[in-house]
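# Structural overview
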Amino acid sequence: QVQVVESGGGLVQAGDSLSLSCVASGGGFDWYTVGWFRRAPGKEREFVAAISRRGSTTLYADSVKGRFTISRDAAKSTVFLQMNSLKPEDTAVYYCGARGGSVVTMTPSDYRYWGQGTQVTVSS
């Protein structure tokens, strides 16, 4: 069983950048497809980006396409989310989810393992 921990959140101004990390323990992280999701206050968890277990396939929400980049480093068992040109509407708790296999999906219930989240706040 894999455990994931997110880090890298913080308070930034609109237009700034942040890089989030999702570090896995428990072994076999390269067997998992990983997704980033976020939950803003009063809203449901929404898909942000996902990457297949070998990194060959990525998927982005329309709202972040062109601004966010997801990548992974197998040697470090880490998935990154580089967030550029941040907007106030990007403010949310960001979660990392992992699912077995290589199919990339946007549905939170498809991901089995979750971290506790990291807060991202973008001021205008």
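A few points on the structure. (Residues numbered from 1 in each chain as written. Predicted model: local features only at pLDDT ≥ 70, side-chain atom pairs only at ≥ 80, totals over all residues. Heavy atoms only, no water.)

## Focus on the side chain of Ser-52
Mapped onto the fold, Ser-52 is located in the loop between strand S5 (46-51) and strand S6 (58-60). The buried category is assigned to Ser-52, whose relative accessible area is 2%. Setting aside its immediate chain neighbours within four residues, Ser-52 contacts Thr-33, Thr-57, Arg-72, Ser-102 and Val-104. (Helix = DSSP H or I, 4+ residues; strand = E, 2+ residues; numbered from the N terminus. Buried < 20%, exposed > 50% of the residue type's maximum accessible area, 1.4 Å probe, protein only. Contact = heavy atoms within 4.5 Å.)

## A word on the packing of aromatic side chains
A complete count under the given rule lists 5 aromatic pairs for this structure. Centre to centre, the rings of Phe-37 and Trp-114 are 5.1 Å apart; their planes meet at 65°, and the pair counts as edge-to-face. Remark: Trp-114 occurs in strand S10 (residues 113-114) and Phe-37 occurs in strand S4 (residues 32-39); sequence separation between them is 77 residues. Classification of Trp-114 by relative accessible area gives partly exposed; the value is 26%. One aromatic cluster is present, formed by Phe-37, Phe-47, Tyr-111 and Trp-114 through successive ring pairs. (Phe/Tyr/Trp six-rings, centres within 6.5 Å; stacked < 30°, edge-to-face > 60°.)

## Focus: the sheet that holds strand S8 (residues 78-83)
Read across the open sheet, the 4 strands follow the order S1-S3-S8-S7; overall the sheet is antiparallel. Looking at the sheet topology across the chains shown, the edges are occupied by strand S1 (3-7) and strand S7 (68-73). Pairs of neighbouring strands in the sheet enclose a mean axial angle of 15°, with direction left out of account. Relative to strand S3 (residues 18-25), S1 is paired through 5 bridges, and the arrangement is antiparallel. Counted as the bridge partner of Val-4 is Ala-24 from S3. (Pairing = 2+ DSSP bridges. Axes fitted to C-alpha atoms, helices over the stretch in contact; angles between N-to-C directions.)

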